[in-house]
Amino acid sequence: MPAAPQRYVPSHIAGHAGTLTPRQREWVGRVAELGPAWSARAARYDRDASFPFENFDDLRRAGLLGLCVPQASGGLGADFLTYSMVGAEMGRWCGTTALCFNMHVCACLWSGAIADGLDMSPAQRADHERIRALHYARIVSQGQLFAQPFSEGGAAAAGSAPWSTVARKVEGGYLVSGRKIFVSLAGAADWYGVLCTLERPGREGRGTRQDALYLALPAKAPGVTVHGDWDPLGMRGTVSRNVSFQDVFVADEARLLPEGLYFQAASRFPHMFGTLAPAYMGIAQAAYDFTVQYLRGEIPGMPPARRRMYPTKQHAVAEMRVKLEATRALFLQNARDARLDPDADTRMRLYAAHYTVMENANDLCRLALRTCGGQSMLKTLPLERLYRDSRCGSLMLPWTAELCIDHLGRECLYEASEEDEALED
Ligand SMILES: Cc1cc2nc3c(=O)[nH]c(=O)nc-3n(C[C@H](O)[C@H](O)[C@H](O)COP(=O)(O)OP(=O)(O)OC[C@H]3O[C@@H](n4cnc5c(N)ncnc54)[C@H](O)[C@@H]3O)c2cc1C
């Protein structure tokens with residue numbers, strides 16, 4: 001009797017599922033259940049450059065908006081590693097949703113698990129506990145969403161200058177003014193988690209990077225405006241338009257971190273910026289999955305034309321698998337390494353891993369297009385969208401591919417305290 005036809009079974013996003021904790025398996029599994037509906041909607045969000053509201057409704061219903069909210073505040077209490085796996089599974093089905101979810105997660109992880117390890121006075125700690133409980137209740141009880149306006153078009157988002165967006169201390173709170181660019185979830189989020197510089201009364205000139213302040217501004221507050229068009233190459237559903245803040249008043253309870261703590265977090269927990277990578281790890285997996293299904297003639301809606309018997313296709317898919325596994329290994333190792341005060345080697349592996357995920361995601365999509373061939377780039381199939389979405393990863397600050405290489409090159413050759421003496425003649 002001929003064997004029953006078998007279909008390709010995609011691998012688990014985190015490699016061997018048996019190595020995961022039951023909670024990690026469960027949450028990745030919840031996303032996998034939502035995934036097929038997200039895949040079906042992805043072309044529409046991409047075509048219309050519209051925000052994936054339905055996908056976020058799904059996440060809300062699945063209880064995943066509170067993934068990285070501490071358990072004491074009603075969330076699931078996922079750490080960086082667990083978020084990385086769940087975020088990558090999201091990216092496998094919809095890159096846009098995963099990238100937006102990363103922005104929301106920043107507000108939870110930075111004020112949550114990361115803040116727990118930072119130095120604070122007892123009074124700061126008590127105040128932070130009180131305030132973050134208010135933010136978390138909005139997420140857990142009301143299903144609200146946070147965006148992450150960081151970029152301003154200058155050196156601040158690259159980590160080498162203070163934010164131009166400023167917060168002035170006034171009675172009972174702050175007045176915030178400035179302009180952010182590329183704000184994913186613009187017009188869709190309930191809150192903007194804004195990075196700004198706290199002005200110190202009586203001090204001349206702009207503040208320093210140490211004066212960075214992280215505030216939650218209500219999207220509907222007077223003085224908040226979303227503006228500019230949004231018709232980009234990829235990640236079109238993120239709707240990353242500009243957002244301006246003109247003398248926006250927020251109360252002291254807007255703080256997502258106590259004054260002065262953002263700089264400590266960025267200096268001592270550099271993995272906090274690595275939350276961008278999972279979306280692209282997921283895209284890399286999706287490009288590989290598509291290629292295998294395509295060559296096996298298993299793409300729904302397409303004639304079952306098989307191309308797997310050609311040695312060149314087999315070699316190409318093997319090359320893709322090697323790249324995918326190398327990317328996944330570095331991605332997971334890096335997520336496991338995330339910690340306070342990483343040593344120099346861990347920090348360098350972080351840059352290497354971030355660079356690898358972002359560059360390899362795009363390269364795997366390139367290989368997938370070349371291997372599958374002409375029909376695979378038609379808009380009726382997802383591959384050309386994966387290719388465009390994957391292009392965005394290595395442009396994202398603070399760690400563009402260039403800046404990863406910059407930091408890595410410097411840190412490979414210099415100890416922290418070393419400076420060059422005069423150049424030799
Ligand atoms: C799909 C998508 C979604 C995004 N969503 C968000 C979001 O939600 N929130 C957010 O804050 N940002 C977001 N971004 C923005 C992203 O993180 C970058 O800030 C943005 O792509 C930078 O664009 P730019 O043209 O200003 O870059 P660049 O001009 O390349 O960089 C801006 C500045 O950074 C410095 N810089 C850049 N490269 C170097 C270098 N090699 N060496 C030294 N300095 C350097 C320079 O001062 C430069 O002027 C998103 C981007 C994309 C593509």
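Residues numbered from 1 in each chain as written. Predicted model: local features only at pLDDT ≥ 70, side-chain atom pairs only at ≥ 80, totals over all residues.

Let us look at the overall build of the chain. The helix and strand inventory of the chain stands at eleven helices and seven strands. In terms of overall dimensions, the chain is globule-like: its C-alpha atoms have a radius of gyration of 22 Å, near the 22 Å expected for 425 residues. Relative to its 425 residues, the chain shows a buried fraction of 47%. Within the chain, residue pairs in contact and separated by at least 24 positions form 77% of the contacts whose partners lie at least 6 positions apart. (Helix = DSSP H or I, 4+ residues; strand = E, 2+ residues; numbered from the N terminus. Rg over C-alpha atoms; globule rule 2.2 N^0.38 Å. Buried ≥ 20, exposed ≤ 12 C-beta atoms within 10 Å, placed from the backbone. Contact = placed C-beta atoms within 7 Å.)

Judged from the five bridges that link them, strand S2 (residues 166-170) and strand S3 (residues 173-183) form a sheet pairing that is antiparallel. Each residue of the ladder has a partner; that of lysine 169, found in S3, is tyrosine 174. Linking S2 back to S3 in an antiparallel pair, the connection comprises two residues, with glycine 172 at a positive phi of about 80 degrees. For S3 and strand S7 (residues 241-251), the ladder comprises eight bridges, and the chain directions are antiparallel. Following the sheet pairing, lysine 180 is matched in S7 by valine 243. (Pairing = 2+ DSSP bridges.)

Turning our attention to helix H7 (residues 277-295). In this model H7 runs 28 Å from its N-terminal to its C-terminal C-alpha over 19 residues, within 8% of the 27 Å that 1.5 Å per residue would give. Taking burial as the measure, the 19 residues of H7 include 17 buried ones, the bulk of the element. Glycine 297 lies just past H7 and shows a positive phi near 70 degrees. (Expected span 1.5 Å × (residues − 1).)

A cis amide bond links leucine 397 to the next residue, proline 398, at an omega of 10 degrees. Within the secondary structure, proline 398 is located in the loop between helix H10 (383-391) and helix H11 (401-413). Backbone geometry at phenylalanine 182 places phi at a positive 55 degrees, although glycine is not the residue there. By secondary structure assignment, the location of phenylalanine 182 is in strand S3. A tally of 24 C-beta atoms within 10 Å means that phenylalanine 182 is categorised as buried. Residues other than glycine seldom take positive phi values, yet leucine 185 does so here, at roughly 70 degrees. Its location among the elements puts leucine 185 in the loop between S3 and strand S4 (191-199). For leucine 185, a count of 28 C-beta atoms within 10 Å translates into the label buried.

This part is about the site of the ligand. The immediate surroundings of the ligand are formed by 24 residues, with Phe150, Ser151, Phe182, Ser184 and Met235 found nearest. Only S3 and H11 provide two or more residues apiece to the shell around the ligand. Per-element accounting of the shell around the ligand gives the leading share, three residues, to H11. The class makeup of the residues in the shell around the ligand is 14 nonpolar, eight polar and two charged. (Near = placed C-beta within 6 Å. Nonpolar A, V, L, I, M, F, W, Y, C, P; charged D, E, K, R; others polar.)

Taken domain by domain, the chain holds domain 1 (17-140), domain 2 (146-259) and domain 3 (269-413). One C-alpha centre belongs to domain 1, the other to domain 3; they are set 21 Å apart. Residue-level contacts link 23 residues of domain 1 with 20 residues of domain 3. Where the side of domain 1 that touches domain 3 is concerned, the elements lending two or more residues are helix H1 (22-48), helix H3 (80-93) and helix H4 (95-116). When residues of the side of domain 1 that touches domain 3 are assigned to their parent elements, the largest contribution, ten residues, is made by H3. Taken together, the residues of the side of domain 1 that touches domain 3 break down into 14 nonpolar, six polar and three charged. (Domains from an automatic or database assignment.)

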